[in-house]
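Commentary on secondary and tertiary structure
One letter stands for each residue in the lines below.
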Amino acid sequence: MTTAVPLPRIGAPAARALTQHGVLTMDDLKGADLNELSKLHGVGPKTIKLLQAAMGEQQAP
């Protein structure tokens, strides 16, 4: 059984926006369009950079 990897520390507005769109863990980001997520109210460039970095860390061996 695999444990869900939480999202990185992001601001509360971004966390609420992602939660409302069903993004609760890093696994939920697989296949997600970060460009579309960046259009959500509260999800800014800093959040996108944090998510990209976290996604990169997960892919590293």
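No experiment lies behind these values; they were computed from the predicted model shown.

Turning our attention to helix 3 (residues 45-59). In this model helix 3 runs 21 Å from its N-terminal to its C-terminal C-alpha over 15 residues, within 8% of the 21 Å that 1.5 Å per residue would give. Looking at helix 3, one finds that the buried residues are Thr47, Ile48, Leu51 and Ala54. The buried residues of helix 3 occupy one face: seen down the axis, they fall within an arc of 130°. The exposed set on the far side of helix 3, more than 90 degrees from its buried face, consists of Pro45, Lys46, Lys49 and Glu57. Packing partners of the buried residues in helix 3 comprise helix 1 (12-20) and helix 2 (34-37).

Before going further, it helps to spend a moment on the pattern of salt bridges. Here the structure, examined in full by the defined rule, presents two salt bridges. Note that Lys30 and Asp27 form a salt bridge whose closest N and O atoms lie 3.3 Å from each other. What makes Lys30 exposed here is its relative accessible area of 62%. On the basis of relative accessibility, which here comes to 35%, the residue Asp27 falls in the partly exposed class. Notably, a salt bridge pairs Lys39 with Glu36, separated by 3.2 Å at the nearest N-O pair.

What follows covers the nonpolar core. Within the largest apolar cluster, 15 residues are counted, with the highest numbers of intra-cluster contacts made by Leu7, Leu18, Leu29 and Val43. If you list the elements that add at least two residues to this core, you get helix 1, helix 2 and helix 3.

Let us look at the side chain of Thr47. Turning to its location among the elements, Thr47 is positioned in helix 3. Aside from chain neighbours lying at most four places away, what touches Thr47 is Ile10, Ala14 and Gly42.

One can find Glu57 in helix 3. Taking the C-alpha atoms as reference, Glu57 lies 21 Å from Glu36; in sequence the two are 21 residues apart.

Calculation rules
- Residues numbered from 1 in each chain as written.
- Predicted model: local features only at pLDDT ≥ 70, side-chain atom pairs only at ≥ 80, totals over all residues.
- Heavy atoms only, no water.
- Helix = DSSP H or I, 4+ residues; strand = E, 2+ residues; numbered from the N terminus.
- Expected span 1.5 Å × (residues − 1).
- Buried < 20%, exposed > 50% of the residue type's maximum accessible area, 1.4 Å probe, protein only.
- Arc of directions from axis to C-beta.
- Contact = heavy atoms within 4.5 Å.
- Salt bridge = Lys/Arg side-chain N within 4 Å of Asp/Glu carboxyl O.
- Core = buried A, V, L, I, M, F, W, Y, C linked by side-chain atoms within 4.5 Å.

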